[in-house]
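# Per-entry structural report
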Amino acid sequence: MSRAVILPAPGGFAEIDDDRTVLDRLIAQIREAGCDDVTVLTRPGTDRPVKATQLPSADADADLAHLGEIAFSGDGPLFVACADLVASQTTVAAVLSDSSRRSGVLVGGDDPAAAPVQVERGLVTGPGPGPTRLGGLAKVSAAHLARLERHWPRQTQGDAFDGVLAALHARAVPVNAYRTPGLEHRQAGTGDEAREVIAAFEAVDMDAWRLKNAVKHDDDFFATYAVSTWSPKLVKLSARLGWTPTPITWVSITLAVAAAGIFATGWSWWYVAAAALMYFSFVFDCVDGQLARYTQNFSSFGGWLDMMADRSKEFLIYAGLAAGAVAGGASAPAAWGLAIAAMATQTVRHTADTWYAVLLDTAVVRQARKRESAPPSGRAAHLGERLGSASEQVMGSHRSFLYWAKRTVVAPVGERWLLLAVAAVAFGPQVALAALLCWQLLALAYTTAGRTLRSLAARTAALRRPDRSAHRDDGPIARLAPRARFGGDMTPFAATAAAVLAAGGAVLAASLGTPPWITFGLAALALVLAGSVARTDHEGILDWYIPAGLRAVELGAILAAGIAAEVAWPVLYLLLTVIALYFYDLAAGLDKAASPVARRDLGLGWPVRSLIALAAAAVAVATAPAVATVVYGVLAVYVASVFVGAVVAGTVRASRAAAA
């Protein structure tokens, strides 16, 4: 359950009208945004009652003490506001409606009296020259409160609000910057100033503002020109009908399932209809997020579902195209092999994308604290710096030719769907999958080369964190692995890279029809190499590649064993897809800062799953291929059941906590 604490400020008791003060208005706004547990800290001698729990507090240090008592006495996030904050309901809700596990602070540029702060990559990194300034409203998530419990500040050089932000920065917690551009907000000192600010944002057409800001201004080319030009009409219609974002997501899923079903039939004369269904599925995929921003109706489950649905729909389309290619006369290994390669490439790439974002955020936070301020050394690091600067310049040229080229070369989701739909209609499903795979490999090579050089310039160990084992998904076997006696920051990365090569060699050996013992030997070598460094410190500047490498190792080992044992291709694709989606939940925890999955131990871990697949394949080679097909199918059902069960349990638990 969320809690809000309002800190004392002289302007809080400034009167807006005859029977309402700035503080009264702020309390009502916080409650309207969904937080009923509101505590107001007041200075001794304050005799004006407020419609909230009042707690006398002598000074800023006492404010910090009271904040700590309230913060650690229950569950849920803590919202901290200054009593003199004057803002629109939309601005207040922008902070309080964030249901993710992020922490953040409201910022803006319209209050010259507020403290200036530095903002990089959407994160507030500390005091700065401006023009961005603090807005007097902050959120500390429950996850970050747990990190602060032992380190809660007892004293502050400024007020308690500054003390909370300083504590977050001291623990290297990323602090998100909440913005509502065009809506003035200010910490007012007098009633006249408060009324002036209110008049300024009330003069804005709020419905038009919310609709405009519901559409991403930095979206990809296809989404920008083929969807966002008319999707706001669907957003307004959905809001008028009282729909929420989650049903819109299910509509998108249903359309994608229908498209995949049509492709799977192999009836090429229906492929135009399937392409149209793919387009409208993508449209509704955009609309659900736009509707959430328009109505400020956010939920952790909705954000998680949106991300998981994106990948599920895409992988389902791959399967439909593969089945359609086989129905049209293509060989099963060629058609399903392309679908598996496309799915695995996308999974590995997206995992790398997720951890690269963690690397950049970590670099921003740590360099702001001057913990890793050593200048880049070597030609590669300096080249990485220049690449980073060039990239920022290109992205700053909004909607220029280079801007669109840079956004498109990485094969974004809308463009991937466009390619699949057009190529399937024009050339057939097998050509569509082959074209997609080529583009994915090009995008992977492009991003890998640039990000490797930029990593050398960042000089940050992104995987040096307490939840490393969760993101590796090592399971019980890896916990038994001894710490590597050979040291070096590059050891985990080197071992994982060697494991990826071994897994790739196993897939190649199986595809060429070499003796099964070669395939199994290479796959086993990959597992040993990847698992040998599970308990080794991950302090290398390239270790952010390791989660993606482990995904490649598991998918490659299972694929190689499945090919060698002649597992039925649809069953092989099903198992690999279930495992890939299981990992996307980890990405959702980082990308969306939201996941209902609390426990992952029943998922066995990638080493155990891989060993089960290898053992089944070995038995099948010695007996009958059906053995491996059955085991692969059972393993897919088991992992899916564990995952769905964890999602249901987490969702129920969150609902009960919200109702408590």
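Anything mentioned here points back to the structure above.
Because the structure is predicted, anything quoted here is derived from the model rather than measured. Counting restarts for each chain, with residues numbered from 1 along the sequence as it is written. Since the coordinates come from a predicted model, pLDDT governs what is reported: local features require at least 70, and pairs of side-chain atoms require 80 or more to be given and counted, while whole-chain, interface and lining totals use all residues. The side-chain figures draw on all heavy atoms in the structure; neither hydrogens nor water molecules are used.

## Considering empty space enclosed by the protein
Whether a set of points on the 1 Å grid over the protein atoms alone is a cavity depends on a 1.4 Å probe fitting there but being unable to get out, while an open set qualifies as a pocket with protein on both sides within 12 Å along at least five of seven lines; lining residues are those with an atom within 4 Å of a point. Grid points are joined across faces, edges and corners, and a volume is the space filled by probe spheres set on the points. One pass over the structure, following the stated rule, counts 3 cavities of 30 Å³ or more. In terms of lining residues, the largest cavity is bounded by T351, T354, W355, H471, R551, F583, L586, A587 and L590. Taken together, the elements giving at least two residues each to the lining of the largest cavity come down to α13 (332–368) and α23 (569–591). Secondary structure elements follow DSSP: runs of H or I of four or more residues count as helices, runs of E of two or more count as strands, with numbering from the N terminus. The element that contributes the greatest number of residues to the lining of the largest cavity is α23, accounting for 4 residues. Residue composition of the lining of the largest cavity, grouped by class: 5 nonpolar, 3 polar and 1 charged. Each residue gets one of three labels, nonpolar for Ala, Val, Leu, Ile, Met, Phe, Trp, Tyr, Cys and Pro, charged for Asp, Glu, Lys and Arg, and polar for the others, Gly among them.

## Examining the pattern of salt bridges
Salt bridges are defined by distance alone: a side-chain nitrogen of Lys or Arg within 4 Å of a carboxyl oxygen of Asp or Glu. Evaluation of the coordinates by the stated rule reveals 18 salt bridges. One salt bridge connects D220 with R407, and the closest N-O pair in it is separated by 2.9 Å. A residue pair is termed long-range when its members are at least 10 positions apart, and D220 in the loop between α7 (206–214) and α8 (221–226) and R407 in helix α15 (residues 401–409) qualify at 187 residues. Comparing D220 with R407, the two get one shared label, buried. Linking D353 and R349 is a salt bridge whose minimum nitrogen-to-oxygen distance equals 3.4 Å. Of this pair, D353 and R349 both sit in helix α13, 4 residues apart, which is roughly one turn of the helix. Each residue is assigned to one of three classes by its accessible area relative to the maximum for its type, calculated with a 1.4 Å probe on protein chains only: buried under 20%, partly exposed between the two thresholds, exposed over 50%.

## A closer look at helix α21 (residues 516–531)
Compared with the 22 Å implied by 1.5 Å per residue over 16 residues, the 22 Å span of α21 between its first and last C-alpha is a close match. Inspection of α21 places T519, F520, A523, A526, L527, A530 and G531 among the buried residues, and these make up the whole buried set. The arc enclosing the buried residues of α21, seen along the axis, measures out at 120°, which places them on a common side. Relative to its buried face, α21 has exposed residues pointing more than 90 degrees away, namely W517 and V528. Against α18 (468–472), α20 (491–511), α22 (546–564) and α24 (606–622) lie the buried residues of α21. Here the expected span of a helix is defined as 1.5 Å times the quantity of residues minus one. The directions considered for the arc run from the helix axis to the C-beta atoms. Any two residues whose heavy atoms approach within 4.5 Å are treated as being in contact.

## Quick word on helix α16 (residues 413–427)
For α16, which comprises 15 residues, the first-to-last C-alpha distance of 20 Å matches the rise-based estimate of 21 Å (1.5 Å per residue) to within 8%. Listing the buried residues of α16 in full gives G414, E415, R416, W417, L420, A421, A423 and A424. Downstream of α16 by a residue or two, G428 has a phi angle that is positive, lying close to 105°.

## So, the environment of C35
Among the structural elements, C35 can be located in the loop between α1 (22–32) and β4 (38–42). The class for C35 is buried, based on a relative accessible area of 1%. Between the alpha carbons of C35 and L96 there is a distance of 7.7 Å; along the sequence they are 61 residues apart. Beyond its immediate stretch of four places on either side in the chain, C35 contacts S2, R3, A4, I30, F79 and L96.

## What about the environment of S252?
One can find S252 in helix α10 (residues 245–265). Through-space distance from the C-alpha of S252 to that of F284 is 5.3 Å; in sequence the pair is 32 residues apart. Setting aside residues no more than four positions away along its own chain, S252 makes contact with S281, F284, D285 and K313. Two N or O atoms form a polar contact when they lie within 3.5 Å of each other; inside protein one atom must be a possible hydrogen donor and the other a possible acceptor, and for residues adjacent in sequence the pair counts only when both atoms belong to side chains. In terms of polar contacts, S252 uses its side chain to reach the backbone carbonyl oxygen of S281, at 2.7 Å.

## Details of unusual backbone geometry
Positive phi values are uncommon outside glycine, yet A411 reaches one of about 55°. For A411, the location among the structural elements is in the loop between α15 and α16. Despite not being glycine, E566 has its phi angle at roughly 60°, a positive value. With respect to the helices and strands, the residue E566 is situated in the loop between α22 and α23. A relative accessible area of 57% means that E566 is categorised as exposed.

## Comments concerning the packing of aromatic side chains
By convention, a stacked pair of Phe, Tyr or Trp rings (six-membered ring in the case of Trp) has centres within 6.5 Å and planes under 30 degrees apart, an edge-to-face pair has planes over 60 apart, and any other such pair is tilted. Evaluated as defined, the whole model comprises 18 aromatic pairs. Residues F72 and W152 carry aromatic rings whose centres are separated by 5.4 Å and whose planes lie at 90° to one another, so their mutual orientation is edge-to-face. Placement of the pair is F72 in the loop between α2 (60–71) and β6 (78–82) and W152 in the loop between α4 (142–148) and α5 (160–170), with a sequence separation of 80 residues. We classify F72 as partly exposed; its relative accessible area is 26%. Ring geometry for Y356 against W544: centres 5.2 Å apart, planes inclined by 50°, an arrangement best described as tilted. Linking Y356 in helix α13 with W544 in the loop between α21 and α22, this pair joins segments that are 188 residues apart in sequence. A single burial state applies to Y356 and to W544, both of which are buried. Three or more aromatic residues joined by ring pairs make a cluster, and in this case those are F221, Y225, Y403 and W404. The ring centre of Y294 lies 4.7 Å from the NZ or CZ of R210, which sits over that ring. Taking the ring centre of F583 as reference, the NZ or CZ of R551 above it sits at 3.5 Å. As a reminder, the over-ring test applies to NZ of lysine and CZ of arginine, requiring each to be within 6 Å of the ring centre and within 35 degrees of the ring normal.

## Some details on the nonpolar core
Core analysis: the largest hydrophobic core is formed by 116 residues, its most contacted members being Y318, W544, L572 and Y573. For this core, the leading source of residues is α23, giving 15 residues. Not counting residues within four places of it along the chain, the set of residues in contact with Y318 comprises A339, A342, M343, R416, L420, L433, L436, Q440 and Y573. Buried Ala, Val, Leu, Ile, Met, Phe, Trp, Tyr and Cys residues form a nonpolar core when they are joined through side-chain atoms within 4.5 Å.

## Some thoughts on the packing of α20 against α21
Inter-axis angles, ranging from 0 to 180 degrees, are taken between N-to-C directions of lines fitted to C-alpha atoms, where helices are fitted over the stretch in contact. Between α20 and α21, the least distance of the axes is 8 Å, while the angle of their chain directions is 165°. Taken together, the axis directions place α20 and α21 in an arrangement best described as roughly antiparallel. In this structure, the crossing between α20 and α21 has a hand that is left-handed. Judged by residue contacts, A495, A498, A499, A502, A503, G505, A506, A509 and A510 of α20 engage I518, T519, L522, A523, L525, A526, L529 and A530 from α21. In what follows, roughly perpendicular refers to angles from 65 to 115 degrees, roughly parallel to angles under 35, roughly antiparallel to angles over 145, and oblique to any angle outside these ranges. If you view the pair so one helix is near and one far, a crossing is left-handed when the near helix is turned anticlockwise from the far one by less than a right angle, and right-handed when it is turned clockwise.

## Focus: the packing of helix α9 (residues 231–240) against helix α11 (residues 271–295)
One can describe the packing of α9 onto α11 by two numbers: an axis separation of 9 Å at closest approach and a directional angle of 60°. Classified by the interaxial angle, the pair formed by α9 and α11 is oblique. As α9 runs across α11, the sense of the crossing is right-handed. Where α9 approaches α11, its residues S231, P232, L234, V235, K236, S238 and A239 are matched on the opposing element by V283, V287, Q290, L291, Y294 and T295. The residue inventory of the contact of α9 with α11, partitioned by class, reads 8 nonpolar, 4 polar and 1 charged.

## What about the layout of surface pockets?
Of the voids in this model, the second largest pocket is the one considered here, and its volume is about 860 Å³. A344, T345, V348, V500 and A552 are, among the 37 residues lining the second largest pocket, the residues nearest its centre. Those elements that place two or more of their residues in the lining of the second largest pocket are α13, α17 (429–458), α20, α22 and α23. Residues that form the lining of the second largest pocket fall into these classes: 26 nonpolar, 9 polar and 2 charged.

## Focus: the pairing of strand β1 (residues 3–7)
Judged by how many residues are buried, β1 sits mostly within the fold: 5 of 5 residues are covered. Side chains of β1 alternate between two faces, with R3, V5 and L7 and A4 and I6 buried alike. Examined bridge by bridge, β1 and β4 share 3 bridges and lie parallel to one another. Paired with I6 across the two strands is V40, which belongs to β4. Think of it this way: DSSP has to see at least two bridges between two strands before they count as a pair.

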